[in-house]
Amino acid sequence: MTSSASEIRDLFDRIAPVYDQLNNGLSLGQHRVWKRMALKWSAANSGDTCLDLCCGSGDLAQLLARQVGATGQVYGVDFSSGLLAIADQRVKNQHPPLPIHWVEANALDLPFADNYFDAATMGYGLRNVTDIPRCLSELYRVLKPGAKAAILDFHRPKDRLMRAFQQWYLENAVVPTAERLGLTEEYAYIAPSLERFPTGPEQVSLAQKAGFTATHYPIAGGMMGVLVVSKGNGD
């Protein structure tokens, strides 16, 4: 069953206090490594104006901010006010201050002008939007010609053994952790969201329909992947 945008937003507001802990468990502690890979593939440079879409608690936005430096700008966008509050709290006392602006907005209707951003990242967000083609079209709209975006997310592996391992891990590690935190129902969405999520080649096709050139890189035995999209210079 597909959830509405408001239901998904409410879900992420509820899990906000333990979002980082559960992400760490779901990724076998590797999500920080994969986020750095996404940062590299985004090709963000010093002085750039960058977007971190579905920024959650702000890990990728912080990496982007350090990459662009004091002369750059980063906009961390999420529709969960609970996660944005945590993201803001995490960077408040950092010195020097990071050039991040937190924006509460829907990934399907971004409050930015056309051709605004030099680069973008998106971590664990595409799987949860209610309209993937529209999200990719909005991303295409706000990126400058020549810009890249790196979209990181969990996947269902094609390999039978890796798929079995992922299912075992969800049932025996992630679900019990969610139960201990009183979030069993909230984290029941993970398995069906993985089943619905387009495969790497399907994501490439969707990105191409939005106007991008695209490549998908499977990592972690296909349990994870990064979709790297580029907006042509002639657009």
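Not measured: the values here are computed from a predicted model. The residue numbering used here restarts from 1 in each chain and proceeds along that chain's sequence as written. Where local features are concerned, this predicted model is filtered to residues with pLDDT of at least 70; where side-chain atom pairs are given and counted, the filter is 80 or more; whole-chain, interface and lining totals use all residues. Note that water and hydrogens are dropped before the side-chain values are worked out from all heavy atoms of the structure.

Draft legend 1. Here's a closer look at the side chain of Asn128. To qualify as a helix, a DSSP run of H or I must reach at least 4 residues; to qualify as a strand, a run of E must reach at least 2; elements of each kind are numbered from the N terminus. Relative to the helices and strands, Asn128 resides in the loop between strand S4 (117-123) and helix H6 (132-142). Per-residue accessibility, obtained with a 1.4 Å probe over protein chains only, is compared with the maximum for each type, and a residue is labelled buried under 20%, exposed over 50%, and partly exposed between these values. Accessibility expressed as a relative area gives 10% for Asn128, which makes it buried. Counting of polar contacts relies on pairs of N or O atoms within 3.5 Å, with two restrictions inside protein: one atom must be capable of donating a hydrogen and the other of accepting it, and residues adjacent in sequence are counted only when both atoms are side-chain atoms. Here the side chain of Asn128 touches Tyr124 through a polar contact of 3.3 Å, landing on its backbone oxygen.

Draft legend 2. Focus on H6. Among the residues making up H6, those that are buried are Ile132, Cys135, Leu136, Glu138, Leu139, Tyr140 and Val142. The residue sitting at the N-terminus of H6 and contributing the capping side-chain oxygen is Asp131; that oxygen lies 3.1 Å from the backbone nitrogen of Arg134.

Draft legend 3. Up close: the nonpolar core. Side-chain atoms within 4.5 Å are what join buried Ala, Val, Leu, Ile, Met, Phe, Trp, Tyr and Cys residues into a set we call a nonpolar core. By size, the foremost hydrophobic cluster in this structure holds 35 residues, and its most contacted members are Leu51, Leu53, Phe112, Leu126 and Val129. Where this core is concerned, the elements lending two or more residues are strand S1 (49-53), strand S2 (73-78), S4, H6, strand S5 (143-154), helix H9 (200-209) and strand S7 (224-230). No other element matches H6, which puts 6 residues into this core. In this structure, Phe112 is in contact with Leu51, Tyr75, Val77, Val103, Phe117, Arg141 and Val142, ignoring residues within four places of it in sequence. Ala65, Val74, Leu84 and Ala119 belong to the second-largest nonpolar core, a separate cluster that totals 18 residues. Residues count as neighbours in contact if any of their non-hydrogen atoms are within 4.5 Å of one another.

Draft legend 4. Spatial organisation of the state of the cysteines. Counting rule for disulfides: a pair of cysteine sulfur atoms within 2.5 Å. By the definition in use, this model includes 0 disulfides. For the unlinked cysteine Cys55, the closest cysteine sulfur is that of Cys54, found at 8.1 Å. For Cys55, a relative accessible area of 7% gives the class buried.

Draft legend 5. Geometry of the environment of Ala150. Mapped onto the fold, Ala150 is located in strand S5. Classification of Ala150 as buried rests on a relative accessible area of 0%. Beyond its immediate chain neighbours, meaning those up to four positions away, Ala150 contacts Ala38, Trp41, Ser42, Ala120, Thr121, Met122, Val226 and Leu227.

Draft legend 6. The sheet that holds strand S3 (residues 100-104), seen in detail. A pair of strands is treated as paired once DSSP finds two or more bridges between them. The sheet built from 7 strands is open, its strands ordered S3-S2-S1-S4-S5-S7-S6 with mixed pairing. The outermost strands of the open sheet, each flanked by one partner alone, are S3 and strand S6 (213-219). Pairwise comparison of adjacent strand axes, ignoring direction, gives a mean angle of 15 degrees for this sheet. As paired strands, S5 and S7 are joined by 7 bridges and run antiparallel to one another. When the bridges of S7 are listed, Lys148 appears paired with Ser230. Angles here are taken between N-to-C directions and fall from 0 to 180 degrees, while the axes themselves are lines fitted to C-alpha atoms, restricted in helices to the stretch in contact. Along the sheet, H6 makes contact with S1, S4 and S5, crossing S5 at roughly 145 degrees.

Draft legend 7. Quick peek at the packing of aromatic side chains. In this analysis, rings of Phe, Tyr and Trp, with Trp reduced to its six-membered ring, are considered paired at centre separations within 6.5 Å, and the interplanar angle assigns stacked below 30 degrees, edge-to-face beyond 60, and tilted for intermediate values. All chains considered together, the criterion is met by 9 aromatic pairs. Between Tyr75 and Phe117, the ring centres sit 5.8 Å apart and the planes meet at 70 degrees, which makes this aromatic pair edge-to-face. Of this pair, Tyr75 sits in strand S2 while Phe117 sits in strand S4, and the two are 42 residues apart along the sequence. In this structure, Tyr75 and Phe117 share a single accessibility class: buried. Among the aromatic residues, those joined into a ring-pair cluster are Tyr75, Phe112, Tyr116 and Phe117. Only lysine NZ and arginine CZ atoms are considered, and such an atom sits over a ring when it is within 6 Å of the ring centre and within 35 degrees of the ring normal. One residue, Lys231, lies across the ring of Tyr140, its end atom 4.7 Å from the ring centre.

Draft legend 8. Summary view of the pairing of S4. With 6 of 7 residues buried, S4 is to be regarded as a mostly interior element. Taken together, the 6 bridges between S4 and S5 define a ladder with parallel strand orientation. Counted as the bridge partner of Gly123 is Leu152 from S5. When the strands point away from the viewer, a crossover counts as right-handed if the route from the first strand across the helix to the second turns clockwise. Once you follow S4 into H6 and on to S5, the crossover reads as right-handed.

The quantities given are spatial measurements derived from coordinates; they are silent on function.
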